Amino acid sequence: MTEHAIAANATALRNLAARLERMGYTGDAHAEAEHIALNLLADGYRPLDKPVPARGPGAKRESIEECRRATEAAVRTAKDRRKQP
């Protein structure tokens, strides 16, 4: 693990502990934050990559087509729902 990764993890734990304290947690907020983080990792949590933009700079033909298909599917679903009594 690099120094940068260690610093990023420590910052994330401090931020979560601060949020817990602001929400009114009265116990050891740092220990609870670490417990939450470890449970998330144990459960398989992995951050998701940001999607490729569908328009503007950086847009790719595949992402534009994927958005179009998703939109068509949502419209089709909404129409089908409206037809059912």
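The following refers to the structure shown. What you are looking at is a predicted structure, and each value in this text was computed from that prediction instead of being measured.

Cut-offs used in this document
Residues numbered from 1 in each chain as written. Predicted model: local features only at pLDDT ≥ 70, side-chain atom pairs only at ≥ 80, totals over all residues. Heavy atoms only, no water. Salt bridge = Lys/Arg side-chain N within 4 Å of Asp/Glu carboxyl O. Helix = DSSP H or I, 4+ residues; strand = E, 2+ residues; numbered from the N terminus. Buried < 20%, exposed > 50% of the residue type's maximum accessible area, 1.4 Å probe, protein only.

Our next topic: the pattern of salt bridges. In this structure the tally under the stated criterion is two salt bridges. Note that Glu 65 and Arg 61 form a salt bridge whose closest N and O atoms lie 3.6 Å from each other. With Glu 65 and Arg 61 both in helix H3 (residues 61-83) and four residues apart, the pair spans about one turn of that helix. Since its relative accessible area comes to 25%, Glu 65 is described here as partly exposed. Taking relative accessible area as the criterion, Arg 61 reaches 54% and is therefore assigned exposed. For the salt bridge of Glu 65 with Arg 68, the shortest nitrogen-to-oxygen distance reads 2.9 Å. Of this pair, Glu 65 and Arg 68 both sit in helix H3, three residues apart, which is roughly one turn of the helix. A single network of salt bridges, built from pairs that share partners, joins Arg 61, Glu 65 and Arg 68.

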